[in-house]
Amino acid sequence: MQVQLSHPARTVEVKGPKRAKELLRELNLVVEAHLVIKGADLVTEDEMLYDGDQIEIRPVISGGSPHFPFHLSRFTSQK
Amino acid sequence: MNCTKCKTKAVIGLPRHNAAFCKGCFNGFVHDQVARAIKSEKMCEKEDRILVAVSGGKDSLALWDILLKLGYRADALYVNLGIGTYSEQSHAKVTKFAEAVAASHGATLHLHTVEQEAGAGIKELAQLIHRPTCSTCGTIKRYQFNHVAIEQHYDVMATGHNLDDEAARLLGNVLHWQEEYLDKQGPSLPASVEGFAKKVKPLYRLSERELAAYALLNRIDYIVEECPMAKGSKVLLYKEVLNRLETESPGTKQMFYWGFLEKQSKKQPTVTTMTEKDRAVLHPCTSCSQPTTSEVCSYCKMMLRAKTVAPR
């Protein structure tokens, strides 16, 4: 099956059949930080994936949003 | 795996809730979690006008979508930071959502472009004033969101911070024993002084994975790429560590953050204490009138320096 990955964007070929959680484990990816998409559909970790399936593994982590419960020091002017 | 509620085929498993949901029941779960957050933390009322801080990412666009579907009067503000193609793409995603979804609810999108005001994008601006890019970005976004919320008379400002954001930030503060930061890590901050908008985080009960799934299932087109400026950020490392723990021991993140909130709520009357502390040290900036601890706020100083050195 063709597996599309991000960060960096790349495609790898993986032999099926196997369950989504086994695919993640094989690629050393954590379940909690990824979604497995078969074709256009989101699937659970126990979904069986076969050769010929188009799979996307989408990372869910984003970062960099400034926090608004700022500490007062953030209001102190920069010297 | 079948849906815990309706027994049809599930699209997502939620180990921390020992549940799995189909699309319809998952949307119900997400909306319910946000409604519970708003009610339990007294974030806002149905008649309030809300300003959502949107970035083009999954969390903020999902938040705008959920608030509108729950029947709230929610407009949004997007700050274009001028980070090359990343900003162009995120701007396009926000505009697309505003036109395709938000407009039908009568919601408005406000825009602020850093380059127009500062004469440079965020990366160049940070270099000009010799400050880290993420710190410069934080100052600008916090200032602009508060500015628009106050100027346009919004009752409350909402950000898309989720359970993972809050747990990672708490871990960082605890690892460095920055106890003085903990008071302001709650999901609802009062408008403690004149010039400060009330700030809320209605997504604090939902994980990053749940919000990505919500965006995907509801065809919300968001920017999947990370901000190029955030590479190597400590927050990303803390999130990675917490996700490893969560995978091995489901419920770790919520036990950590929600447990902290429970302890804080028993410790002190947070709203009163926070308001008293803020009133003791904050006063209006002599240039823009937004609250600051010094004579001129850091945003005004930054803009002054940028305008002095930046070629127009």
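Numbers given for residues are sequential positions, taken from 1 along each chain in its written order. Chain labels run from A onward and ligand labels from 1 onward, assigned in the order the entries are written. This being a predicted model, a pLDDT of at least 70 is required before a residue's local features are given, and a value of 80 or more before pairs of side-chain atoms are given or counted; all residues contribute to the totals for chains, interfaces and linings.

The secondary structure listing takes helices from DSSP runs of H or I that are at least 4 residues long and strands from runs of E that are at least 2 residues long, numbered from the N terminus. Each helix and strand in chain A was counted, giving one helix and seven strands. Secondary structure elements in chain A, listed N-terminal to C-terminal, are β-β-β-α-β-β-β-β. In chain A, buried positions account for 29% of the 79 residues. Considering only contacts within chain A whose residues lie at least 6 apart along the sequence, 57% involve residues at least 24 apart. Each residue is classed by its C-beta neighbour count within 10 Å, where at least 20 other C-beta atoms makes it buried, 12 or fewer makes it exposed, and intermediate counts make it partly exposed; the C-beta atoms are placed from backbone geometry. The contact criterion used is a C-beta to C-beta distance within 7 Å, with each C-beta placed from the backbone.

As a further point, take the interface of chain A and chain B. Contacts between chain A and chain B engage 30 residues on the former and 55 residues on the latter. Charged residues are taken to be Asp, Glu, Lys and Arg, nonpolar residues to be Ala, Val, Leu, Ile, Met, Phe, Trp, Tyr, Cys and Pro, and polar residues to be all remaining types, Gly included. Partitioning the side of chain A that touches chain B into residue classes produces 14 nonpolar, twelve polar and four charged.

Our focus in this paragraph is the sheet that holds strand β7 (residues 54–59) of chain A. Adjacent strands of a sheet form backbone hydrogen bonds with each other and so pair up, either parallel or antiparallel. Each pair of strands is called paired provided DSSP finds at least two bridges between the two strands. Across the sheet, five strands lie side by side as β2-β1-β7-β4-β5 (chain A); this open sheet has mixed pairing. Since the sheet does not close on itself, it has two edges, and those belong to β2 (10–13) and β5 (41–43) of chain A, each with one partner. Across the sheet, the mean angle separating the axes of adjacent strands is 30° when strand polarity is ignored. Pairing of strand β4 (residues 34–38) of chain A with β5(A) involves three bridges; the strand directions are antiparallel. Each bridged residue has a counterpart across the sheet, and for Ile37(A) the counterpart in β5(A) is Leu42(A). Lying over the sheet, helix α8 (residues 208–217) of chain B contacts β4, β5 and β7 of chain A, oriented at roughly 30° with respect to β4(A). Where helices are involved, their axes are fitted lines through C-alpha atoms of the stretch in contact, as for all axes, and angles between N-to-C directions lie from 0 to 180°.

Here the focus is the packing of helix α7 (residues 163–175) of chain B against helix α10 (residues 252–267) of chain B. Residues and elements named next belong to chain B. With their axes 9 Å apart at the nearest point, α7 and α10 run at an angle of 70° to one another. In terms of their interaxial angle, α7 and α10 are classed as roughly perpendicular. Along its contact with α7, which presents Leu163, Asp164, Glu166, Ala167 and Leu170, the element α10 presents Lys253, Gln254, Phe256, Tyr257 and Phe260. Its residues placed into classes, the contact of α7 with α10 shows six nonpolar, one polar and three charged. Comment on the angle field: the value is read as roughly parallel under 35 degrees, roughly antiparallel over 145, roughly perpendicular from 65 to 115, and oblique elsewhere.

All right, on to the sheet that holds strand β7 (residues 188–189) of chain B then. Residues and elements named next belong to chain B. Strand order in the open sheet made by the six strands is β5-β4-β3-β6-β8-β7, with mixed pairing throughout. On the outer flanks of this sheet lie β5 (109–113) and β7, each paired with one strand and no other. Both strand β4 (residues 73–80) and β5 contribute to a ladder of five bridges, which runs parallel. By the bridge assignment for β5, Tyr78 is matched with Leu111. Packing of helix α2 (residues 58–69) onto the sheet brings it into contact with β3 (49–54), β4 and β6 (156–158), and relative to β3 it is tilted by some 160°. Along the sheet face, helix α3 (residues 84–100) touches β3, β4 and β5 and points at about 160° away from the line of β4.

Here we come to the packing of helix α6 (residues 133–151) of chain B against helix α12 (residues 298–309) of chain B. Residue and element names in this part refer to chain B. It is the contact of α6 with α12, at a shortest axis distance of 10 Å, that shows an interaxial angle of 115°. Handedness of the α6/α12 crossing: left-handed. Contact residues: α6 offers Thr139, Ile140 and Tyr143, while α12 offers Ser298, Tyr299 and Met302. Residues of the contact of α6 with α12, tallied by class, amount to four nonpolar, two polar and no charged. If you view the pair so one helix is near and one far, a crossing is left-handed when the near helix is turned anticlockwise from the far one by less than a right angle, and right-handed when it is turned clockwise.

If you trace the backbone, Lys267(B) turns up in helix α10. Residues Lys267(B) and Phe26(B) lie 241 residues apart in sequence; the distance between their C-alpha atoms is 35 Å.

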